[in-house]
Amino acid sequence: MGIVVASALERRSIELTSLPVQPSDYNTGDNHSSPPQQELSAPPVDDIPDGGYGWVIVSACSLITAFFIGGTYSWGVMQAALANEKLASDSTLAFVGSVAVSWVAFGAIPCSRVIRWLGTRNGAVLGCLLLGLGDILNGFSSKSVGGLFFTNGIVLGLGRSLCFLACGTLCSQWFKRRRGLANGLVFAGGGVGGCVQSIAMQALINRVGISWTFRIMGFVTLLVTVPAAMLLKERHPRATATIDWSLFKDPKFVLLFLGSGIATFPLLVPPFFIPLYASSLPLSQNTGSVLLALFNISSAVGRVGFGSFGDVVGPLSSLSLSLIVSAVSMLAIWPESNTLAPFVVFVIINGLGNGGFFATMPSVVGHVYGSRVSVAFAMIVTSWSIGYIMGAPVAGWLLDLYGGSDAGRAAYRPAMYYAGSMSLGSATFIMGVRYLISKQLLAFA
């Protein structure tokens, strides 16, 4: 569900302020200490390997992403199960899931400083430990909404923030020409992970119940992600994320800040509500989990596809198209999904567009701001906080207002139109940024 942050590779080389640093002096691990009055320099952009150990980085980050984003995008299965237990209303359970995701934005700057202090590898290990611990603790708080807000919303949420910041832009240190493809493959892991977890969670719920499903997923998370985190390596230390208020004087930054912030409002509405909507058709819970898995695998394809497409036409063009695809699917297809067939079409198309956002955003900020990407990206991600924490709950409140999940398909329509309109509005802002970059329709932008 998932999903970057704080410090990406600076696309221009950083000038040394003292003695030159030999190639052997570059830090390739996680020890960031440097001699007094001497700064380590990023290697020139032309020296970026565009492969090599970078493919190990892509694989390891993709594996971690399969859990911290895959867990977000499979929350709908747990939400539907908890709703069947009458633990809380649909909007409250959506809020539990949203709080965990919102830490990606709320924790952008502080967590990036933690990663700068610990190093990418150690920061990712800490994030993976919190991911697993959060799910294990969820197993002990599955009967308490308040407990879930702490264990799932805060403990697991902090883990997601650290993992997102550690993995989200690390590929930019290893890739230039194929950066869009590399980012797409990393975030495609979230789609594949969400697909596998959606089906696995429903099978476990049927067999061992909600509490032990949480615990088992927590142990599996620790077993898989911690070794993957140990493989991460920086080519140079990350810059410390700060706030540069002068960026708000740039119309491109303002449009990108607002547009990406609005885009996060509808992102989690489909994955959180697909299993619930499936039950209104009516379809079984198992079918609902399979549909959510289909959404996640479509999202994986969309992340690779739109990421690679951005390498051809430009990241802003690719991001704009992905938002338009999402908007059309929610405004035109979802409301007409009164049987399984059109609903499957919606799930596939929306998954494709939904995945494009995460795959293209790092490339978009890097394309527009170059050497200031670290500061600009951290600030832009903070704009996602309101959309992450309120986007799905607003849809849940609209659903409750019109009778709840037991009121049939018509009760979902206001939430559909709300989500689709937000996605369309976001596309308008992003296209405005593209227009300011280049007024030529076919230009790379």
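Residues numbered from 1 in each chain as written. Predicted model: local features only at pLDDT ≥ 70, side-chain atom pairs only at ≥ 80, totals over all residues. Heavy atoms only, no water.

Asks: Would you take a moment to explain the overall build of the protein chain for this structure?
Replies: Scanning the protein chain for helices and strands turns up 17 helices and 0 strands. Out of the 445 residues belonging to the protein chain, those deemed buried represent 60%. For the protein chain, the exposed surface amounts to about 16,000 Å²; the carbon and sulfur share of it is 66%. (Helix = DSSP H or I, 4+ residues; strand = E, 2+ residues; numbered from the N terminus. Buried < 20%, exposed > 50% of the residue type's maximum accessible area, 1.4 Å probe, protein only. Areas by Shrake-Rupley, 256 points an atom, 1.4 Å probe, with all protein chains shown as cover.)

Asks: I tried to follow the packing of aromatic side chains on my own but got confused; where do I start?
Replies: Each aromatic ring pair is specified by the distance between its two centres and by the angle formed by the two planes. The final tally for this structure, using the stated rule, is 16 aromatic pairs. Consider the rings of Phe248 and Phe257, whose centres lie 5.3 Å apart with planes at 75°: the pair is edge-to-face. Exposure remark for Phe248: the relative accessible area of 33% places this residue in the partly exposed category. Residues Phe253 and Phe257 carry aromatic rings whose centres are separated by 5.9 Å and whose planes lie at 35° to one another, so their mutual orientation is tilted. On the criterion of helical spacing, the pair formed by Phe253 and Phe257 is a turn pair, its members being 4 residues apart in helix α10 (residues 251-267). One exposure class covers both Phe253 and Phe257, and it is buried. (Phe/Tyr/Trp six-rings, centres within 6.5 Å; stacked < 30°, edge-to-face > 60°.)

Asks: What am I meant to see in the packing of helix α3 (residues 75-84) against helix α4 (residues 90-106) here?
Replies: Contact geometry of α3 with α4 gives a least axis separation of 10 Å together with a crossing angle of 145°. For α3 against α4, the interelement crossing comes out right-handed. The segment α3 lies against α4, with Trp75, Gln79, Leu82 and Ala83 engaging Asp90, Leu93, Ala94, Val96 and Gly97. The residue inventory of the contact of α3 with α4, partitioned by class, reads 6 nonpolar, 2 polar and 1 charged. (Axes fitted to C-alpha atoms, helices over the stretch in contact; angles between N-to-C directions. Left-handed = near helix turned anticlockwise from the far one by under 90°. Contact = heavy atoms within 4.5 Å. Nonpolar A, V, L, I, M, F, W, Y, C, P; charged D, E, K, R; others polar.)

Asks: Would you explain unusual backbone geometry in this entry?
Replies: Leaving glycine out, the prevailing phi sign among residues is negative, and the prevailing peptide bond configuration is trans. Backbone torsion omega between Leu281 and Pro282 reads -5°, so that peptide bond is classified as cis. By the element assignment, Pro282 lies in the loop between α11 (269-279) and α12 (285-313). Unusually for a residue other than glycine, Lys86 sits at a positive phi of about 60°. Looking at the element boundaries, Lys86 is found in the loop between α3 and α4. A residue is classified by how much of its surface remains accessible, and Lys86, at 63% relative accessible area, is exposed.

Asks: How do you make sense of the environment of Ala427 when you look at a structure like this?
Replies: Take Ala427: it is sitting in helix α17 (residues 413-437). For Ala427 and Ile324, which are 103 residues apart along the polypeptide, the C-alpha to C-alpha distance reads 6.2 Å. Once residues lying within four places of it in the same chain are set aside, the contact partners of Ala427 are Ser320, Leu323 and Ile324.

Asks: For this particular structure, what's the right way to read a nonpolar patch on the surface?
Replies: A contiguous nonpolar surface patch, about 220 Å² in accessible area, is contributed by Val192, Val196 and Ile297. Here Ile297 shows up in helix α12. (Patch = residues over 30% accessible without salt bridge, like charges linked within 9 Å, V, L, I, M, F, W, Y side chains within 5 Å. Salt bridge = Lys/Arg side-chain N within 4 Å of Asp/Glu carboxyl O.)

Asks: Whenever I open this one, α11 confuses me. Can you help?
Replies: In terms of burial, α11 is largely enclosed, as 10 of its 11 residues are buried. Among the residues of α11, Val269, Pro270, Pro271, Phe272, Phe273, Ile274, Pro275, Leu276, Tyr277 and Ala278 are the ones counted as buried.

Asks: How should the confidence of the model for the protein chain be read in this particular structure?
Replies: When pLDDT drops low, the exact placement of atoms in the prediction is not to be read closely. Mean pLDDT for the protein chain: 83, with 88% of residues reaching 70 or above. Predicted confidence for residues 1-45 stays below pLDDT 50, and this span has 121 contacts to residues more than four positions away or in other chains. (pLDDT = per-residue confidence, 0-100.)

Asks: What exactly am I supposed to notice about helix α5 (residues 108-118) here?
Replies: An α-helix turns once every 3.6 residues. As a result, residues three or four positions apart point the same way. Considered for burial, the residues of α5 that qualify are Ala108, Ile109, Cys111, Ser112 and Ile115. Projected down its long axis, α5 shows its buried positions confined to an angular sector of 165°, all on one face. Positive backbone phi, at 95°, marks Gly119, one or two positions downstream of α5. (Arc of directions from axis to C-beta.)

Asks: Please clarify how the side chain of Ser423 should be interpreted in this entry.
Replies: Here Ser423 is to be found in helix α17. Of the residues examined, Ser423 reaches a relative accessible area of 2% and is grouped as buried. Polar side-chain contacts of Ser423 include one of 3.0 Å to the backbone oxygen of Leu323. Setting aside anything within four residues of it in sequence, one finds Ser423 in contact with Pro266, Leu323, Ser326, Ala327 and Met330. (Polar contact = N/O pair within 3.5 Å; in protein donor to acceptor, adjacent residues only side chain to side chain.)

Asks: Hey, could you run me through the environment of Arg215 in this one?
Replies: With respect to the helices and strands, Arg215 occurs in helix α9 (residues 210-229). For the pair Arg215 and Gly139, spaced 76 residues apart in sequence, the C-alpha to C-alpha distance is 5.3 Å. Setting aside chain neighbours within four positions, we find Arg215 in contact with Asp135, Ile136, Gly139 and Phe140.

Asks: I keep staring at the packing of α10 against helix α16 (residues 385-401) and nothing clicks. Help me out?
Replies: How two helices sit against one another is set out by the angle between their axes and by the gap between those axes. The N-to-C vectors of α10 and α16 enclose an angle of 30°; their axes lie 7 Å apart at closest approach. What the angle tells us is that α10 and α16 run roughly parallel. Of the two possible hands of crossing, α10 and α16 adopt the one that is right-handed. Of the residues in α16, those in contact with Gly261, Thr264 and Phe265 of α10 are Ile386, Gly387, Tyr388, Met390, Gly391 and Ala392. Within the contact of α10 with α16, the residues separate by chemical class into 5 nonpolar, 4 polar and no charged. (Parallel < 35°, antiparallel > 145°, perpendicular 65-115°, else oblique.)

Asks: What's the story with the nonpolar core in this structure? I'm lost.
Replies: A general feature of soluble globular proteins is that nonpolar side chains tend to end up buried together. Membership of the largest hydrophobic core comes to 111 residues, with the highest contact counts inside it found for Ile64, Phe273, Phe343, Val365 and Trp384. Among the elements that take part in this core, helix α14 (residues 340-369) stands out by supplying 10 residues, more than any other. Contacts of Phe273, omitting those with residues within four sequence positions, involve Gln79, Ala94, Ala392, Ala395, Gly396 and Leu399. (Core = buried A, V, L, I, M, F, W, Y, C linked by side-chain atoms within 4.5 Å.)

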